[in-house]
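Architecture at a glance
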Amino acid sequence: MSTQTLRPARGISVRKLTVTALLGATATILMFLSFGLPILPSYLKVDFSEMPALLASFALGPVYGAAVCLIKNIINLFATTTGGIGEMCNFLIGVLFVVPAGLIYRRRPSRKTALIGMIVGTLVMSAGSILVNYFIVYPAYLAFMQEEAIIGAYSAIVPAADTILKGILIFNLPLTFAKAVLDSIITFALYKRLSPVLKGKV
């Protein structure tokens, strides 16, 4: 067994905290820049704020990726229009994306495992979004909204979306999948160039 193997893992450092804070700030800005699409209900937004969290997960570890997800949502709470429910959903779904991707990548860092990690993360995030929305997010909304209003926003665009579950499958699931794919493509293109900076090797 080599000396490298016996050496204890480095813990939290000032540099890691600084990089996490910077990526959290970037994610916050990207989350503020969210936008809607005519083909979606008005409360479903598109943003690329998981991309900095994915960079953190690859460069520093999954815990730091989750921390970036937490930072951006805590800051966005000050401008929330959903009573914090949207931020809770964004955090949970973001963690389902960046943590599996980071865990796979950290086992054997390479472009191949990064790609595999992002594919797995995308699938976990997409499948998990159904459960998060159906069992956590929409029950929270129903505490102060009528179910008919939520279904009406879905069915006004696609009449077949006449239940909350159908709305989630028709709108939320494809949107979540598309966001994860786009974040993955951007991260895959940027990571090799940014990795030395994020890891403090420049």
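Before going into details, it helps to say that this report is about the structure given with it. Note on numbering: residues in each chain are counted from 1, in written sequence order. Whole-chain, interface and lining totals are the exception, using all residues; otherwise, since this is a predicted model, local features are given only for residues with pLDDT of at least 70 and side-chain atom pairs are given and counted only at 80 or more. Only hydrogens and water are removed before side-chain values are computed, so all heavy atoms of the structure are retained for them.

**Focus on the packing of aromatic side chains**
- Two rings from Phe, Tyr or Trp (for Trp, the six-membered ring) form a pair when their centres are within 6.5 Å of each other. A pair whose planes differ by under 30 degrees is stacked, one over 60 is edge-to-face, and the rest are tilted. Applying the stated criterion across every chain yields a total of 8 aromatic pairs.
- Here Tyr141 and Phe144 contribute two aromatic rings whose centre-to-centre distance is 6.2 Å and whose plane-to-plane angle is 70°, an arrangement assigned as edge-to-face.
- Residue classification places Tyr141 among the buried positions, given a relative accessible area of 13%.
- We classify Phe144 as exposed; its relative accessible area is 52%.
- Linked through ring pairs, Tyr138, Tyr141, Phe144, Tyr154 and Phe171 together constitute an aromatic cluster. Exposed residues in this analysis have more than 50% of their type's maximum accessible area, buried residues have under 20%, and partly exposed residues fall in between, with area computed by a 1.4 Å probe over protein chains only.

**Some remarks on helix α4 (residues 62–76)**
- Here α4 is 15 residues long and its end C-alpha atoms lie 22 Å apart, about the 21 Å a rise of 1.5 Å per residue gives.
- Listing the buried residues of α4 in full gives Pro62, Tyr64, Gly65, Ala66, Val68, Cys69, Lys72, Asn73 and Asn76.
- Any two residues whose heavy atoms approach within 4.5 Å are treated as being in contact. Per the convention used, a helix needs a DSSP run of H or I reaching at least four residues, while a strand needs a run of E reaching at least two, with both numbered from the N terminus. Of the surrounding secondary structure, the elements contacted by the buried residues of α4 are α2 (14–32), α3 (50–59) and α5 (85–107). Here a helix's expected span is defined as the number of its residues, less one, multiplied by 1.5 Å.

**Comments concerning a nonpolar patch on the surface**
- Like charges within 9 Å and nonpolar side chains (Val, Leu, Ile, Met, Phe, Trp, Tyr) within 5 Å are joined into patches, using only residues over 30% in relative accessible area that form no salt bridge. We get accessible surface area from the Shrake-Rupley algorithm with a probe of 1.4 Å; when it comes to residues, only the shown protein chains can shield them. Salt bridge criterion: a side-chain nitrogen from Lys or Arg within 4 Å of a carboxyl oxygen from Asp or Glu. Taken together, the side chains of Met88, Leu131, Tyr134, Phe135, Ile136, Leu165, Leu169 and Ile170 make up a nonpolar region of the molecular surface, amounting to roughly 700 Å² of accessible area.
- Looking at the nonpolar patch, the elements with two or more residues in it are α6 (111–141) and α8 (164–198).
- In terms of residues, the nonpolar patch owes the most to one element, α6, which gives 4 residues.
- Along the chain, Tyr134 falls in helix α6.

**A look at the state of the cysteines**
- To count as a disulfide, a pair of cysteine sulfur atoms needs to be within 2.5 Å. Here the structure, examined in full by the defined rule, presents 0 disulfides.
- The structure places no disulfide on Cys69, whose sulfur is separated from the nearest cysteine sulfur, that of Cys89, by 12 Å.
- Given a relative accessible area of 0%, Cys69 falls into the buried group.
- Overall, Cys89 belongs to the buried group, its relative accessible area being 12%.

**A few points about the packing of α3 against α5**
- At a minimum axis separation of 8 Å, α3 and α5 run at an interaxial angle of 30°. For the element pair α3 / α5, the angle class is roughly parallel. The handedness of the crossing between α3 and α5 is right-handed. Here Glu50, Ala53, Leu54, Ser57, Phe58 and Ala59 of α3 come into contact with α5, specifically with Asn90, Gly94, Phe97, Val98, Val99, Ala101, Gly102, Tyr105 and Arg106.
- Side-chain classes are defined by residue name, with Ala, Val, Leu, Ile, Met, Phe, Trp, Tyr, Cys and Pro counting as nonpolar, Asp, Glu, Lys and Arg as charged, and the others, Gly among them, as polar. For the contact of α3 with α5, the residue count by class is 9 nonpolar, 4 polar and 2 charged. The axes are straight lines fitted to the C-alpha atoms, using for helices just the contacting stretch, and the angles between their N-to-C directions are given from 0 to 180°. In this scheme, roughly parallel covers angles under 35 degrees and roughly antiparallel covers those over 145, while 65 to 115 is roughly perpendicular and the rest are oblique. By convention, the crossing between two helices is left-handed when the near helix turns anticlockwise from the far helix through less than a right angle, and right-handed when the turn is clockwise.

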